[in-house]
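Inside the fold
Chain by chain, the residues:
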Amino acid sequence: MVHMSGKLQSEPKSGPASEIGLEAAWGQVLARDPKATFFYAVLTTGVFCRPSCKSRRPLRGNVRFFLSMDEALAAGFRPCKRCKPTAPGVGNPLDKVRAHLEAHLDRAVPLAELGRLVGLSPFTVQRLFKQELGVSPLQYQRALRAGGLRSALKQGGNVTDAVYEAGFGSSSRAYEGTQLGMTPGRFAAGGRGEKIGYTTARSPFGWLVVGATERGLCWLALGETSAEAETSLREEFPAATVRRDPSLSRLVDAALAYVRDGSDLGQSRKGESLDLRGTVFQLRVWQALRQIPRGETRSYSELAREMGIPKATRAVARACATNRVAVIVPCHRVVGINGSLTGYRWGVERKRALLEAEGVKR
């Protein structure tokens, strides 16, 4: 696709008009024009970017232009990890999708409706939304309603009243539609009846403890001793049934591999997914943390801007502080605005060691 006569059209193979169009688009890439509305892809790397991307400029012969991210994805290109062309931002379709979902909590919004809203296929909307937030549009809607339910239950509200006030038709619907990971009654009782397996192990960053439910990894913390690490799990889930499970050592290995070379938890094998429990906002922040490339850091304000919420720096910082899965949700990659190592739930020196292991020199 090229920029011609004020709009993008299919790229011709030859002719004077095509050369003018190509040069117009290429000129915007060279100028890193933030107002450019198209995307460009690089054949040699297989990625596509916004024209404003600050990465090294490619050779002109290796560049192709697209009107939308949908077309770039359909052509087999991957989103650039630096400019994140699929991430929320000014004019980004995911912002419209999220706002539409938030405005229609009283009903399930079909993917086809979301696709028409932003001019993308239902499949692409589903894929991009889940890639960015870690949940599907339907799960996002359910989580929004679940936030009200959590608040009511934590404040000692009647379970039945809380369920219906949150917009669920029954307790079973509330259980299916929330991310409580347990029935509403159990959640209100501090998680009584929940079963969590765990194991501890030494690591280069101190003793490490992992805890997992049937849904996946729900706790990963660091401590000076094995007992201290184990205590952190029991304090976080005081009413749950906690038992040692040596087979979870694979999750310890996965966490260390993530620091060592960026290998993420596999999603295809049972027990190696994440069971992140939090509000919709916390889930958004934790997902954004997981998108910070290994070897890079962000300040809280930079992270807020990348999420499209520049005025929410303090809220982003609070969400980072409540992260329950150290290392895998890399809150250690967030630093002070001047680059200093700010507070870290598991100790500043561990934060320094984690960053150095990932190639960040302090």
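Before any of the text, the structure's been laid out above.
Quantities reported herein were computed from a predicted structural model and do not represent experimental measurements.

This brings us to the side chain of Thr200. Within the secondary structure, Thr200 is located in strand β7 (residues 195-203). A relative accessible area of 13% places Thr200 in the buried class. A distance of 3.0 Å separates a polar atom in the side chain of Thr200 from a polar atom in the side chain of Ser226.

Along the chain, the position of Lys84 falls in the loop between β6 (78-79) and α3 (93-103). Here Gln291 takes part through its backbone oxygen, which lies 3.2 Å from a polar atom of the side chain of Lys84. Residues within four places of Lys84 in sequence aside, it is in contact with Arg50, Gln291, Ile292 and Glu306.

Enumeration according to the criterion identifies eleven salt bridges in this entry. Measuring nitrogen to oxygen at the nearest pair gives 3.6 Å for the salt bridge that ties Glu306 to Lys84. Of this pair, Glu306 sits in helix α13 (residues 300-306) while Lys84 is found in the loop between β6 and α3, placing the two residues 222 residues apart along the sequence. Assessed through its relative accessible area of 28%, Glu306 is described here as partly exposed. For Glu349, the salt bridge is made with Arg352, and the minimal N-O distance between the two is 3.4 Å. Within this pair, Glu349 and its partner Arg352 are both found in helix α15 (residues 348-357), separated by three residues, close to a single helical turn.

Next up on the list: the sheet that holds strand β4 (residues 47-49). The strand order across the open sheet formed by four strands is β5-β3-β4-β6, and the pairing between neighbours is mixed. On the outer flanks of this sheet lie β5 (63-66) and β6, each paired with one strand and no other.

This part is about the sheet that holds strand β9 (residues 216-223). Across the sheet, which stays open at both edges, the four strands sit in the order β9-β8-β7-β10 with mixed pairing between neighbours. Either end of the sheet is taken by a strand with one partner, and the two such strands are β9 and β10 (241-244). Taking the axes of each pair of neighbouring strands and ignoring which way they run, one obtains an average angle of 25 degrees across the sheet. The sheet contact formed by β7 and strand β8 (residues 206-213) spans seven bridges and is antiparallel. If you follow Ala201 over to β8, its bridge partner there is Leu208. Sheet strands in contact with helix α10 (residues 226-236) are β7, β8, β9 and β10, and its direction is about 30 degrees off that of β8.

Within the largest apolar cluster, 51 residues are counted, with the highest numbers of intra-cluster contacts made by Leu220, Val285, Leu289, Leu303 and Cys320. Elements represented by at least two residues in this core include exactly β7, β8, β9, α10, α11 (249-261), α12 (280-290), α13 and α14 (313-321). With six residues, the top contributor of residues to this core is β9. Leu220 has contacts with Leu208, Val209, Val210, Ala255, Arg324, Val325, Ala326, Val327, Ile328 and Trp346, leaving out every residue within four places of it along the chain. Counting 19 residues, the second largest nonpolar core, distinct from the first, contains Met69, Phe77, Leu94 and Leu120.

Two quantities define a packed helix pair, namely the angle between the helix axes and the distance between the axes. Here α3 crosses helix α4 (residues 111-118) at 135 degrees, and the two axes come no closer than 9 Å. Relative to α4, the element α3 is oriented oblique. Seen along the crossing, α3 lies across α4 with a hand that is right-handed. Contacts from Pro93, Lys96, Val97, His100 and Leu101 of α3 reach α4 at Glu113, Leu114, Leu117 and Val118. Split by residue class, the contact of α3 with α4 holds six nonpolar, one polar and two charged.

Conventions used here
- Residues numbered from 1 in each chain as written.
- Predicted model: local features only at pLDDT ≥ 70, side-chain atom pairs only at ≥ 80, totals over all residues.
- Heavy atoms only, no water.
- Helix = DSSP H or I, 4+ residues; strand = E, 2+ residues; numbered from the N terminus.
- Buried < 20%, exposed > 50% of the residue type's maximum accessible area, 1.4 Å probe, protein only.
- Polar contact = N/O pair within 3.5 Å; in protein donor to acceptor, adjacent residues only side chain to side chain.
- Contact = heavy atoms within 4.5 Å.
- Salt bridge = Lys/Arg side-chain N within 4 Å of Asp/Glu carboxyl O.
- Pairing = 2+ DSSP bridges.
- Axes fitted to C-alpha atoms, helices over the stretch in contact; angles between N-to-C directions.
- Core = buried A, V, L, I, M, F, W, Y, C linked by side-chain atoms within 4.5 Å.
- Parallel < 35°, antiparallel > 145°, perpendicular 65-115°, else oblique.
- Left-handed = near helix turned anticlockwise from the far one by under 90°.
- Nonpolar A, V, L, I, M, F, W, Y, C, P; charged D, E, K, R; others polar.

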